[in-house]
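# Remarks on the overall topology
Take a look at the letters that make up each chain.
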Amino acid sequence: MDSTEIEQFLKIKKSEIEEQLPEYIAKLSAPEKLKEAMTYSLKAGGKRIRPLLLLGTLHSFGKVEKVGLPVACAIEMIHTYSLIHDDLPSMDNDDLRRGKPTNHKVFGEASAILAGDGLLTLSFQIIADSMEEQLSPKQKLALISGLAKAAGPEGMVGGQIADMEGEGSVLSLKDLEYIHIHKTGKLLAYSVMAGAIIADANKEQLYMLEQFAHHLGLAFQIRDDILDIEGSEELIGKPVGSDTENNKNTYPALLTIQGAKEKLSFHIDEAKRFLYSVDMKHDILNYMCNLIASRDH
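Residues numbered from 1 in each chain as written. Predicted model: local features only at pLDDT ≥ 70, side-chain atom pairs only at ≥ 80, totals over all residues. Heavy atoms only, no water.

Of regular secondary structure, the protein possesses 14 helices and two strands. Here the C-alpha coordinates of the protein stretch approximately 50 × 50 × 35 Å along the principal axes. Burial status across the protein gives 54% buried among its 297 residues. Long-range contacts, defined as pairs at least 24 residues apart, comprise 73% of the intrachain contacts of the protein with a sequence gap of at least 6. Roughly 13500 Å² of accessible area belongs to the protein as shown, and the carbon and sulfur atoms make up 53% of that amount. When the 32 positive and 44 negative side-chain charges of the protein are each reduced to one mean point, those points stand 3 Å apart. (Helix = DSSP H or I, 4+ residues; strand = E, 2+ residues; numbered from the N terminus. Buried < 20%, exposed > 50% of the residue type's maximum accessible area, 1.4 Å probe, protein only. Contact = heavy atoms within 4.5 Å. Areas by Shrake-Rupley, 256 points an atom, 1.4 Å probe, with all protein chains shown as cover. Lys, Arg positive; Asp, Glu negative; His and termini not counted. Charge placed at Lys NZ, Arg CZ, Asp CG, Glu CD.)

This part is about the environment of Ile 197. Tracing the sequence through the fold places Ile 197 in helix α9 (residues 173-198). Discounting chain neighbours no more than four positions away, the residues touching Ile 197 are Gln 139, Ala 142, Leu 143 and Leu 206.

What follows deals with the environment of Ala 112. Here Ala 112 shows up in helix α6 (residues 109-128). Given the relative accessible area of 0%, Ala 112 is considered buried. Note: C-alpha distance between Ala 112 and Arg 97 (15 residues apart in sequence) is 13 Å. Leave out the neighbours within four places in its chain, and Ala 112 touches Ile 84, His 85, Leu 88, Asn 103 and His 104.

On to the pattern of salt bridges. If you walk through the whole model with that rule in mind, you get 11 salt bridges. The partner of Lys 261 in a salt bridge is Glu 230, with the nearest N and O atoms 3.1 Å apart. Here the residue Lys 261 occupies a position in helix α13 (residues 251-275), and Glu 230 occupies one in helix α10 (residues 203-230), the gap between them amounting to 31 residues. Of the residues examined, Lys 261 reaches a relative accessible area of 33% and is grouped as partly exposed. (Salt bridge = Lys/Arg side-chain N within 4 Å of Asp/Glu carboxyl O.)

Let us now look at helix α2 (residues 32-42). Listing the buried residues of α2 in full gives Lys 35, Ala 37, Met 38, Thr 39, Ser 41 and Leu 42. Elements in contact with the buried residues of α2: α1 (3-26), α4 (69-86), α5 (103-107) and α6.

So, about the packing of helix α3 (residues 49-60) against α9. To characterise two packed helices, one gives the angle between the axes of the helices and the distance between these axes. Running from N to C, α3 and α9 point in directions that differ by 25 degrees, and their axes come no closer than 7 Å. The angle between α3 and α9 places the two elements in the roughly parallel class. Two packed elements cross with a definite hand, and for α3 against α9 that hand is right-handed. In this structure, α3 uses Ile 49, Arg 50, Leu 53, Leu 54, Thr 57 and Leu 58 to contact α9, whose residues at the interface are Thr 184, Leu 187, Leu 188, Ser 191, Val 192, Ala 194, Gly 195, Ala 196 and Ile 198. Of the residues in the contact of α3 with α9, the class split is 10 nonpolar, four polar and one charged. (Axes fitted to C-alpha atoms, helices over the stretch in contact; angles between N-to-C directions. Parallel < 35°, antiparallel > 145°, perpendicular 65-115°, else oblique. Left-handed = near helix turned anticlockwise from the far one by under 90°. Nonpolar A, V, L, I, M, F, W, Y, C, P; charged D, E, K, R; others polar.)

Now the structure itself:
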């Protein structure tokens with residue numbers, strides 16, 4: 001596939017994800033205010049990088065992407081819940097997310113917390129309820145276990161508290177990498193691994209893709225750190241420089257902006273090295289590597 005075909009593929013798949021996400025909420029037998037708050041953040045936009053990585057991985061193995069759509073939506077729900085909670089006054093205290101008022105600014109803090117809780121728990125229900133022709137019981141178990149690890153104390157939640165505890169102090173590169181790997185990298189890496197699990201990848205392929213995803217996850221967060229300094233507030237959808245104001249530990253703060261860019265390049269190169277060691281199509285995932293490295297929001 002050339003770049004135009006890949007862009008069209010990603011555009012179509014993103015549209016499918018965004019069409020499916022609110023349908024899961026609409027079918028729930030739950031209070032309308034809760035459903036409204038959950039849907040608000042799901043429909044607030046975003047790159048949908050994580051679910052697209054899953055569907056891109058499936059395509060790379062020559063599998064029908066549709067079988068991975070429920071898990072792709074589950075991942076995006078986990079990611080959205082984390083953003084709702086990150087924006088809360090007790091966490092990052094942000095007023096804007098993707099150019100729109102944050103969930104707690106619209107629905108109140110208590111409803112925002114519950115909306116996040118609802119998205120978190122619904123994600124596992126979606127995987128568990130997937131039809132047999134989409135996922136086997138063995139695949140469901142592996143996917144649910146992997147998602148719990150990526151999102152929970154050993155993943156995103158652990159990284160978030162380490163990030164909060166590190167505020168106001170200068171961390172080592174090792175400590176900063178721990179935060180980035182767990183807070184952002186684990187869920188992003190899971191997106192690739194979930195696609196590989198659904199595609200029935202073998203052990204060697206799973207290992208190589210895990211290494212690919214590890215480096216890609218670090219690259220994603222380093223680019224985020226860079227954008228907080230060099231990015232456009234209009235494109236990012238929230239004020240730039242918030243990491244500095246909140247005394248966050250970032251790659252530019254630790255390594256300088258040039259050092260952060262060199263680290264970004266290193267991790268992208270390593271990601272591609274592992275990617276091309278896997279016997280699969282590489283065009284879409286290679287394109288997404290370049291997209292993550294050069295994104296402006």
